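# Chain and residue survey
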Amino acid sequence: MERADDKPETVPAVRWGAGLQASLFAKGRAGRRALRLPPWDGAPVDTALPAAARRAAPCDLPALSEPEVMRHYTQLSTLNHNIERGMYPLGSCTMKFNPRLNEEVAALPGFAALHPEQDDADAQGLLEALARLQDALCRLTGFPACSLHPAAGAHGEFLGMQVIRAFHLARGERDRDQILIPDSAHGTNPASVTMVGMRPATLASRPNGRIDLEALRRAVGPRTAGIMITNPNTLGLFETEIGAIARVVHEAGGRLYMDGANFNAILGKARPADMGFDVVHINLHKTFSTPHGGGGPGAGPICVSAELAPFLPGPVITRREGQWRLEAPATPCTPSVHSYFGNVGVCLRALAYILSNGGDGLTRVAERAVLNANYVLACLKDILPVPHAEGCLHEFVASAAAWKEQHGIRALDLAKRLLDFGVHAPTVYFPLIVDEALMIEPTESEPKESLDAFVAAIRQIHREARTDPELLHNAPHTTPVRRLDEARAARQPDLAHLGPCNCG
Amino acid sequence: MPYTPHTAADVAAMLARIGAPSVDALFASIPAEVRLPGPLDLPPGRTEEEVRREMKRLAAANRSQEELVSFLGGGVYDCVIPAAINAIAGRSEFLTAYTPYQAEVSQGTLQVIHEWQTFVCRLTGLPVANASMYDGATALTEAARMGAAQRRRPKVAVPTALNPRYRRVMATTLAGEDIALAEIPRRADGTTDPAALRALTAAGDVGAVVIQNPNYLGLVEPVDELAAAAGGACVIACVNPVSLSLLKAPAEYGAQIAVGEAQPLGVPCSFGGPLLGLLACADEFKRLLPGRVVGRTQDVDGRDAYVLTLQTREQHIRREKATSNICTNQGLMALRATVYLALLGPEGLVELGEANRVRCEALRDALRRVRGATLPFPGPVFNEFVLRLPRPAREFRVFARERGLLAGIPLAGFAGCGEGDLLVAVTEKRTAADLEAYARALRDFLGA
Amino acid sequence: MVADDRKYTKSHEWVMVEGSVATVGVTEYAAHELGDVVFLDLPEVGNEVARGEAVGTIETVKAVEDLFTPISGEVVETNQAVVDSPELVNNDPLDAGWLIRVRLSDAGELNQLLSAAEYEELLED
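Conventions we followed
- Residues numbered from 1 in each chain as written.
- Chains lettered and ligands numbered in written order.
- Predicted model: local features only at pLDDT ≥ 70, side-chain atom pairs only at ≥ 80, totals over all residues.
- Helix = DSSP H or I, 4+ residues; strand = E, 2+ residues; numbered from the N terminus.
- Contact = placed C-beta atoms within 7 Å.
- Expected span 1.5 Å × (residues − 1).
- Buried ≥ 20, exposed ≤ 12 C-beta atoms within 10 Å, placed from the backbone.
- Arc of directions from axis to C-beta.
- Nonpolar A, V, L, I, M, F, W, Y, C, P; charged D, E, K, R; others polar.
- Pairing = 2+ DSSP bridges.
- Domains from an automatic or database assignment.
- Axes fitted to C-alpha atoms, helices over the stretch in contact; angles between N-to-C directions.
- Parallel < 35°, antiparallel > 145°, perpendicular 65-115°, else oblique.
- Left-handed = near helix turned anticlockwise from the far one by under 90°.

### Structural notes on the overall build of chain A
- The helix and strand inventory of chain A stands at 16 helices and twelve strands.
- Seen along its three principal axes, the alpha-carbon backbone of chain A occupies a region of about 95 × 75 × 45 Å.
- Summarising the internal contacts of chain A: among those between residues at least 6 apart in sequence, 72% fall at separations of at least 24.

Put into structure tokens, the structure is as follows:
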């Protein structure tokens, strides 16, 4: 009971959402426990690890109860923007709705509790599921062979480059080591080329944002191993001359790699094989709606032409005598890019998505994505110019250069202010060939109402740029934290919480 | 259509605003010569219940570790998964967010990654860790590149008893970078030979030395002697993080990089993916680290806050000069492991380690008594060991499977192992009755 | 106003010569354009460097720029203070934020650098 002479401590009221980010490592109290493991119910074991093998200092971890752990992570979760909170028009990332059915089926114990070293006979349903996904991806891309091994898009690029390199080496063409990459490409492309021991060479784009066929003719030669093309490209534009591009590269002896990061735009409309490509990687976490998980897991399967199929990694799924099998690598030079068979759980989600949509639904996915992007473009182009608007598909890249010139408002300021409206920012400053770039990809799962709200928010921000530019320079204002000191983070990296735990 | 909200009226209004006559007209930039002439050759869409039924049928056609008693390991283990992990990892806020580019609306994910980095540092004893790698194999491969690059030497020494799957991934990836693998042989007792390593590193061209502890045969390696024989090469420890509850931390024997497969920390086996690669390093390797890294800083109001940092290493800035091409990693799996470690705490972690070790020793002890079976490598183990049979191990695997047991991984052809050798793993999930069933199956198989 | 006690390059480095040793840094203009410098990778003392060669990198939060040496010779000293506190490049680029000292191997190269007046003209364009 409170006594009259007590001075009660003043506890200030806080606004909702504030102060939720206390450190886990300051929360523990010695003696608390959450989880208990099943005790050993057999005869006592008297062996001990030799002292030389034992850890000297026990691992210092916070001691917490289960309610505290649940509250900590639930509180942290509320600090995140996410697809189910609001629009997420992050260009090139395809932040579309992630159906819950897919989570449910991938978690079925018959899939989730399978060990990769079990016999094929124990995994018949899983192997059938993976084979069906491969088959669907082949039908969507027009290729005869598929590998589900790559765990992410960049991983698929790496494997695709490996396959092209191995193909040339098998033909004795060791000197074919140059891969052409347009200047609008994502940074993973040149990085992946370097990792397989080839050399990237940059191709300048034409003023309309597409590949310059004449420049390509001049660039190809006996060292050309291939070309990496994102189609539609990072400006959201289809490479209209892809047929001619493919002929030039093939005549020079090279092979064509399609970065399928934007495959969602052309589902059911055009197939990479028909365009003349030899390899494509597909981001299942973009086109096929598997959740991004705050940065993975994704999956980046590749599909290839018949002549490249022998260079895919093993084991491969086959069917003989009514049984699904995993067949060991055919040759010793077969690449291996993952401990097992890639992100199987992600592949199952993608299969469920493909089954739910069917061929008609997937085509509609592309149609609605392109409709949404073009609608937003049409509603904004008077205040936010799009230098390469003609033929824009599922996304477009606007430029805030005029805002910068007239009002001192950069793409970054616009992006940060959008956060105050409950919308995630677009991708900014990419691709590099557009000044003050804002890359906007609404995706097909946004209803017209949310697109209208997004347009209204940007129009209001445009008014604020004239009337109150400081409001934008200091944005965001309503988020759990405001702009961060990124220079400090990089100058004095504080990458782990290394003080003692449970001292409270 | 299941996941697109547009009504016919919406479509008409939007097309009018765009000024396009039809949706198809929006695709006019795709030339006719490459257009798909007809509809996709795929069946039509199905309802949620139909897809659920179909996927359940496929799941039911498998026999998983849920029905069978598993003694399979080799890098992926049948482990306890606390309910709290699925509850938290299933939240939309974590599940459907992407890489935290906009830090102001991503503090949840960013702080979780910072906690993961912290846990990895505390387990390994090293000061720096990244946001995760695809799996143990790719983490080890990236570590080898870091070591060889930092030491500017072209060879990486790997033990014969290294996980063969990891070795295959290394060979694929490092070939393109002109990094050669040199093999450190094992001794008769199954552990890696420090004297042979010393001879190998004497030439001065070995940039990195890999120590897998426990090794693929389950044996605890002589880590101090091996590290001492590295001769100026970078020492890379490849570990099962659960074993670090009991076993010497990589930093304690002088490893400068630690990698491993963190699947046993709350990630389902899921036929080997998605898994969770961990990567930690000493400060001098910080700028060679692949992938994403989160740092703590402050916002303009002086509040503690987290942000992606050291980004100039990455491909979106350095392009062909980047430390790696990785961008999407295994974020949600890192969240799962982070929640698990928060649930375990210091006592729970040691209890988990002991639960593995005690059960493993109990089974070793029981099988040692079965006439005809031998244990070729008597040294200390954590949760896995080699069983040697007078008949092919594959036959025992089939025999045991008939009784609902997944007996282990046959080792024929690996590191001098024969047809009779089987790798047997025992995790915290196994009971005394499971172990008794294993011993009985072995006795019956051998007619002992 | 551009300081007239030193020479300049078109790529926005400055060079100040004392005896046979030249000190090299980046100009105020470059420091402003770069933004917050967070890390520097400078050459090792004793390295021979050739005019126009990339000898190190300057990193900001979201960019990496090569550091080119405007003169040839042997690196005799690098500025540890800027390695420890990269913000010196932003706060005091012309003095405490210097980067490397090079013993000139060809004093004639100095004639090819810009004078303060020429550099000022360049900035005005």
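### Topic: helix H1 (residues 66-77) of chain A
- Between its terminal C-alpha atoms H1(A) stretches 16 Å, which fits the 16 Å expected from twelve residues at 1.5 Å a residue.
- Of all the positions in H1(A), only Val69(A), His72(A), Tyr73(A), Leu76(A) and Ser77(A) are classed as buried. When H1(A) is viewed along its axis, its buried side chains cluster within an angular range of 130° and face the same direction.
- Taken together, the buried residues of H1(A) touch helix H3 (83-89), helix H4 (92-95), helix H5 (107-124) and helix H11 (331-368) of chain B.

### Focus: the interface of chain A and chain B
- If you look at the interface, chain A gives 170 residues, while chain B gives 172 residues.
- A per-class count over the side of chain A that touches chain B returns 90 nonpolar, 51 polar and 29 charged.

### So, the sheet that holds strand E5 (residues 48-49) of chain C
Residue and element names in this part refer to chain C.
- Within the open sheet, the six strands sit side by side as E1-E2-E3-E9-E8-E5. Their pairing is antiparallel. With partners counted over all chains shown, the strands left at the sheet margins are strand E1 (7-8) and E5, one partner each.
- The pairing of strand E8 (residues 73-78) with strand E9 (residues 100-104) spans five bridges and is classified as antiparallel. Its bridge partner being in E9, Glu74 is matched across the sheet by Arg103.

### Examining the domain arrangement of chain B
All names here are of chain B.
- Along its sequence, chain B is carved into domain 1 (69-80 + 346-446) and domain 2 (83-339).
- The centre of domain 1, based on its C-alpha atoms, is set 27 Å off from the matching centre of domain 2.
- Taken together, the contacts link 23 residues of domain 1 with 25 residues of domain 2.
- Contributions of two or more residues to the side of domain 1 that touches domain 2 are made by H11 and strand E11 (384-388).
- Per element, the largest residue contribution to the side of domain 1 that touches domain 2 is six residues, and it comes from H11.
- Residue composition of the side of domain 1 that touches domain 2, grouped by class: 15 nonpolar, five polar and three charged.

### Here we look at the sheet that holds strand E3 (residues 199-203) of chain A
Residue and element names in this part refer to chain A.
- Spatial ordering of the open sheet is given by E1-E7-E6-E5-E4-E2-E3, a layout of seven strands whose pairing is mixed. Edge strands, defined here as strands with exactly one partner in the open sheet, are strand E1 (145-147) and E3. Ignoring strand direction, the axes of neighbouring strands in this sheet form an average angle of 25°.
- Relative to strand E5 (residues 255-260), strand E4 (residues 224-230) is paired through five bridges, and the arrangement is parallel. If you follow Ile229 over to E5, its bridge partner there is Met258.

### Overview of the pairing of strand E12 (residues 437-440) of chain A
Residue and element names in this part refer to chain A.
- A two-sided burial pattern is seen for E12, the buried positions comprising Ala437 and Met439 on one face and Leu438 and Ile440 on the other.
- The pairing of strand E10 (residues 396-399) with E12 spans four bridges and is classified as antiparallel. Residue pairing across strands places Ala398 opposite Leu438, the latter belonging to E12.
- Here two bridges tie strand E11 (residues 427-428) to E12, and the two strands are oriented antiparallel to one another. Paired with Val428 across the bridge in E12 is Leu438.

### Section: helix H6 (residues 136-151) of chain B
Residue and element names in this part refer to chain B.
- In a regular helix each residue adds 1.5 Å, so 16 residues correspond to 22 Å; H6 covers 22 Å between its end C-alpha atoms and thus fits that length.
- Across the 16 residues that make up H6, a large majority, 13, are buried.
- One or two residues past the end of H6 sits Arg152, with phi positive at roughly 55°.

### Regarding the packing of H6(B) against helix H7 (residues 164-175) of chain B
Residue and element names in this part refer to chain B.
- Interhelical geometry of H6 versus H7 gives an angle of 45° and a closest axis separation of 9 Å. In this view, H6 runs oblique relative to H7, as classed from their interaxial angle. Crossing hand, H6 versus H7: right-handed. Every residue of H7 that contacts H6 at Gly136, Ala137, Thr138, Leu140, Thr141, Ala144 and Arg145 is listed here: Arg165, Tyr166, Val169, Met170, Thr173 and Leu174.

### Some details on the pairing of strand E8 (residues 316-320) of chain A
Residues and elements named next belong to chain A.
- Pairing analysis gives five bridges linking E8 to strand E9 (residues 323-327), with the strands arranged antiparallel. The residue of E9 that forms the bridge with Arg320 is Gln323.
- Connecting E8 to the next strand, E9, in antiparallel fashion are two residues, including Glu321 with a positive phi near 50°.

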